[in-house]
Amino acid sequence: MIPSTMKAVVLTQPTPAEHVILTDCPVPRVRPGWVLVKVRAFGMNHSEQILRLGEIQADYIQKPIIPGIECVGQIADPSDSPFREGQTVAALMGGMGRSFNGSYAQYALLPASHVFAVETALSWAEMAAVPETYFTAWGSLFECLQLCKDDTLLVRGGTCALGYAAIRLAKALGCRVIATTHRENKLPLLAQADQALLDTGKLAGSLSGVTKALELVGPRTLRDTLHCVEKGGIVCNTGILGGVYALQGFDPIKEIPNGVYLTGFHSNWPTQAVMDQIFAFLAAHRLTPCVGRCFPFSQIRDACIALDSGTVNGKIVVTLPEEA
């Protein structure tokens, strides 16, 4: 039976992690084209931190807003969709947690177009580490970089959840992987890569044989990354970990080396087919997502503090009790 009220994080203004609390609010009423999902777990993302600390002031953000751009759970009410009650699903993106309420709640009303059936042996916590992180890694590697087993892949900013996912996928495919971090004490965390490098901000000229590069630091180091790949190589800019969000005064004619290709991946358009491919690949290669730390929903404040601190190695996941 679906209750009338639920616990959720509700934001109206910039909110430091220390001020995040759970509040009581109505369970959303289902409507055509949308499904009600009973949230079992959700992963936490850098973009939610950006929203909570400042972006919430933007006019395009619905307020009040329940943050959270992804979740896994079960269909509580399928409405007019083909889903069935109790079916295991994952949901991500499409405006979730910005244009409409997201996953930091016991129930989420989500557009059926961004909810996907999942068959997996993973636990709720492991499954929650997949949707946004692995969809972004998968799209960056295979759609944008056209990664093949003979490639040498540079992952710049490898010690984030997305970096770990990309390294695991590329190694499972058979690639040689070079991964970087700007913190020397995190070099041991890149043990799954073939080579771990300390990123000083300038890598061009110190690498050879790199055919594909996944740029997770973003515009801060993108110009340098473009000079790290061989002629014919591809650079995919996916992350913004460096805190710089645009290339100022960028001249593509002069700054993209001849014969090098630049692309980017935006994760707003997941599909059932791609989600099926991801979970099938994980199962076939016996890959378990890297969960850095798991918090119960009652400790969402602590989870937000951990997210903001940047001290957790791997995906931060929040789980909800079965009776929720």
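How each quantity is defined
- Residues numbered from 1 in each chain as written.
- Predicted model: local features only at pLDDT ≥ 70, side-chain atom pairs only at ≥ 80, totals over all residues.
- Heavy atoms only, no water.
- Helix = DSSP H or I, 4+ residues; strand = E, 2+ residues; numbered from the N terminus.
- Polar contact = N/O pair within 3.5 Å; in protein donor to acceptor, adjacent residues only side chain to side chain.
- Buried < 20%, exposed > 50% of the residue type's maximum accessible area, 1.4 Å probe, protein only.
- Core = buried A, V, L, I, M, F, W, Y, C linked by side-chain atoms within 4.5 Å.
- Contact = heavy atoms within 4.5 Å.
- Salt bridge = Lys/Arg side-chain N within 4 Å of Asp/Glu carboxyl O.

Asker: How would you summarise the side chain of Ser140 if you had to cite specific residues and measurements?
Answerer: Turning to its location among the elements, Ser140 is positioned in helix α3 (residues 131-144). In terms of polar contacts, Ser140 uses its side chain to reach the side chain of Thr238, at 2.8 Å.

Asker: Describe in detail unusual backbone geometry, supporting the description with residues and values.
Answerer: Geometrically, the link from Lys63 to Pro64 is a cis peptide bond, its omega value of -5 degrees lying close to zero. With respect to the helices, strands and loops of the structure, Pro64 is situated in the loop between α1 (46-53) and β4 (70-77). Even without a glycine there, the phi angle at Arg286 is positive, about 50 degrees. Mapped onto the elements, Arg286 comes out in the loop between α7 (272-284) and β14 (291-296).

Asker: Can you lay out the environment of Ser298 for me, pointing to particular residues and giving the numbers?
Answerer: Inspection of the secondary structure assignment puts Ser298 in the loop between β14 and α8 (300-309). The exposure class of Ser298 is exposed, given its relative accessible area of 63%. In sequence terms Ser298 and Leu22 are 276 residues apart; their C-alpha atoms lie 7.7 Å from each other.

Asker: Could you give me a rundown of the nonpolar core, with the residues and numbers involved?
Answerer: Within the largest apolar cluster, 48 residues are counted, with the highest numbers of intra-cluster contacts made by Leu141, Leu153, Leu169, Leu214 and Ile278. Elements with a contribution of two residues or more to this core: β5 (88-92), α2 (124-128), α3, β8 (152-156), α4 (161-173), β9 (176-181), β12 (234-237) and α7. Setting aside residues up to four positions removed in sequence, Ile278 forms contacts with Val130, Tyr134, Phe135 and Trp138. Listed in part, the 47 residues of the second largest apolar core include Val39, Leu51, Phe295 and Val312.

Asker: Give me the lowdown on the pattern of salt bridges, citing residues and values where you can.
Answerer: Opposite charge on two side chains makes pairing possible when the charged atoms of those side chains draw close. The full count for this structure, using the stated rule, is 11 salt bridges. Two residues, Asp24 and Lys7, come together in a salt bridge whose shortest N-O distance is 3.0 Å. Here Asp24 is found in strand β2 (residues 23-26), whereas its partner Lys7 is found in strand β1 (residues 5-8), with 17 residues between them in sequence. The salt bridge partner of Asp308 is Arg52, with a shortest N-O separation of 2.7 Å. Remark: Arg52 occurs in helix α1 and Asp308 occurs in helix α8; sequence separation between them is 256 residues. Judged by relative accessible area, which is 4%, Arg52 ranks as buried. Connected through shared salt-bridge partners, Arg156, Asp199 and Asp224 make up one network.

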